[in-house]
Amino acid sequence: MSGGARPGPERRPQSWVGVDPMLGSVVVTADEIARRVEELGAQITLDYAARPPLLVGVLKGAFVFLADLSRFIELPVEMDFMAVGSYGAATKTSGVVRIVKDLDLDLSGRDVIVVEDIVDSGLTLSYLRKSLLARGPASLAICTLLLKTGQQQASFDVDYVGFEIPPDFVVGYGLDVAERYRNLADLRVYVGGEPE
Ligand code: IMP
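Let me begin by describing the structure that accompanies this report. Bear in mind that the values here come from a model prediction, so they are computed numbers and not experimental data.

**Focus: the overall build of the chain**
- When you go through the chain residue by residue, the secondary structure sums to three helices and nine strands.
- The linear arrangement of helices and strands in the chain, starting from the amino end, is β-α-β-α-β-β-β-α-β-β-β-β.
- Sorting the 196 residues of the chain into buried and exposed places 47% on the buried side.
- For the chain, the exposed surface amounts to about 10000 Å²; the carbon and sulfur share of it is 52%.

In structure tokens form, the structure reads like this:
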């Protein structure tokens with residue numbers, strides 16, 4: 001393939017989006033996401049030059065972000081996945097976090113970066129952080145694509161943030177409502193009520 005724009009699903013029209021009444025305004029465009037993810041990848045490449053990290057993706061929401069981010073990290077990273085639940089199908093946190101799928105790899109002595117889609121109340125990450133620190137990693141950093149401003153009930157440091165966004169419920173780029181909208185290229189406000 002010769003030069004020019006990088007191919008990808010974000011270049012396709014996604015015409016079904018315009019006729020879905022549950023989808024509101026665009027919060028972050030696919031192009032803005034692509035540029036920022038590239039910057040985050042470059043920063044992580046610099047920060048971890050001598051110690052290629054283990055990326056821990058938090059399923060399911062972070063799968064798109066992790067796929068893109070990892071390809072902008074110019075290091076031989078390894079990856080593993082965890083699934084945690086706190087929301088079920090609803091759009092408000094239940095405050096109860098549980099591990100639905102645990103990691104396959106041992107974290108001891110590893111430089112770990114947890115890759116999250118969004119930090120809202122912070123309860124999920126606060127729980128995850130404690131649970132992963134207990135496994136003896138050499139270091140543990142957190143990278144989230146989105147941080148909802150002013151919502152955090154738990155305090156901890158987030159090392160890499162893609163975008164700070166207002167506290168609306170958003171979908172797209174991996175984020176869902178009841179498993180829908182993960183394949184939207186842009187991030188949009190969800191204007192529907194609680195799913196059935
Ligand atoms: P927290 O524990 O309140 O920080 O919520 C974190 C998790 O809730 C994220 O990993 C998402 O799975 C989900 N979540 C929070 N806000 C949103 C949103 O606006 N859209 C989709 N999922 C969200």
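**Some remarks on the nonpolar core**
- With 29 residues, the main nonpolar core has Phe 65, Leu 69, Leu 146 and Leu 187 as its most contacted residues.
- Once you skip the residues sitting within four places of it in the chain, Leu 69 turns out to touch Val 37, Leu 40, Gly 41, Ile 44, Val 115 and Cys 143.
- If you look at the next biggest cluster of nonpolar residues, it comprises 17 residues, including Val 58, Met 82, Val 97 and Val 112.

**What to know about the packing of aromatic side chains**
- Within the structure shown, the criterion is met by two aromatic pairs.
- Judged by centre distance (6.4 Å) and plane angle (70°), the ring pair of Phe 169 and Tyr 190 falls under edge-to-face. In this pair, Phe 169 sits in the loop between β7 (160-165) and β8 (170-171) while Tyr 190 sits in strand β9 (residues 187-190), placing the two residues 21 residues apart along the sequence.
- On the accessibility criterion, Tyr 190 (11% relative accessible area) is buried.
- Ring centres of Tyr 181 and Tyr 190 lie 5.9 Å apart, and the angle between their planes is 55°; on these two criteria the pair is classed as tilted. Comparing Tyr 181 with Tyr 190 shows no difference in burial state: the two are buried.
- What links up through ring pairs into an aromatic cluster is the set Phe 169, Tyr 181 and Tyr 190.
- Between the NZ or CZ atom of Arg 51 and the centre of the ring of Tyr 48, over which it lies, the distance is 4.3 Å.

**As for the environment of Arg 71**
- Here Arg 71 is to be found in helix α2 (residues 63-71).
- In this structure Arg 71 comes out as exposed when scored by relative accessible area, which is 61%.
- In this structure, the C-alpha to C-alpha distance between Arg 71 and Glu 38, residues 33 residues apart in sequence, is 8.7 Å.
- A distance of 2.8 Å separates polar atoms of two side chains, one belonging to Arg 71 and the other to Asp 68.

**Points about the site of the ligand**
- Surveying the vicinity of the ligand reveals 16 residues, the closest of which are Asp 120, Ser 121, Gly 122, Thr 124 and Val 170.
- At 2.5 Å from an oxygen atom of the ligand is found a side-chain nitrogen or oxygen belonging to Thr 124.
- For the ligand, the accessible surface in isolation is 490 Å², of which the surrounding protein chains cover 91%.
- No other element matches the four residues that strand β5 (residues 111-119) contributes to the shell around the ligand.
- When grouped by side-chain class, the residues that make up the shell around the ligand number seven nonpolar, three polar and six charged.

**Some thoughts on α2**
- Along α2, the positions that sit buried rather than exposed are Val 64, Phe 65, Leu 66, Leu 69 and Ser 70.
- Among the structural elements, α1 (30-47), β2 (54-59), β3 (78-85), β5 and β6 (139-148) are those in contact with the buried residues of α2.

**Concerning the packing of α1 against α2**
- Relative orientation of the contacting elements α1 and α2 amounts to 55°, with a least axis distance of 8 Å. Considered as vectors, α1 and α2 are oriented oblique to each other. The crossing of α1 and α2 is right-handed. Of the residues in α2, those touching α1 at Val 37, Leu 40, Gly 41 and Ile 44 are Phe 65, Asp 68 and Leu 69.
- Class assignment for the residues of the contact of α1 with α2 results in five nonpolar, one polar and one charged.

Basis of the calculations
- Residues numbered from 1 in each chain as written.
- Predicted model: local features only at pLDDT ≥ 70, side-chain atom pairs only at ≥ 80, totals over all residues.
- Heavy atoms only, no water.
- Helix = DSSP H or I, 4+ residues; strand = E, 2+ residues; numbered from the N terminus.
- Buried < 20%, exposed > 50% of the residue type's maximum accessible area, 1.4 Å probe, protein only.
- Areas by Shrake-Rupley, 256 points an atom, 1.4 Å probe, with all protein chains shown as cover.
- Core = buried A, V, L, I, M, F, W, Y, C linked by side-chain atoms within 4.5 Å.
- Contact = heavy atoms within 4.5 Å.
- Phe/Tyr/Trp six-rings, centres within 6.5 Å; stacked < 30°, edge-to-face > 60°.
- Lys NZ or Arg CZ within 6 Å of the ring centre and 35° of its normal.
- Polar contact = N/O pair within 3.5 Å; in protein donor to acceptor, adjacent residues only side chain to side chain.
- Near = heavy atom within 4 Å.
- Nonpolar A, V, L, I, M, F, W, Y, C, P; charged D, E, K, R; others polar.
- Axes fitted to C-alpha atoms, helices over the stretch in contact; angles between N-to-C directions.
- Parallel < 35°, antiparallel > 145°, perpendicular 65-115°, else oblique.
- Left-handed = near helix turned anticlockwise from the far one by under 90°.

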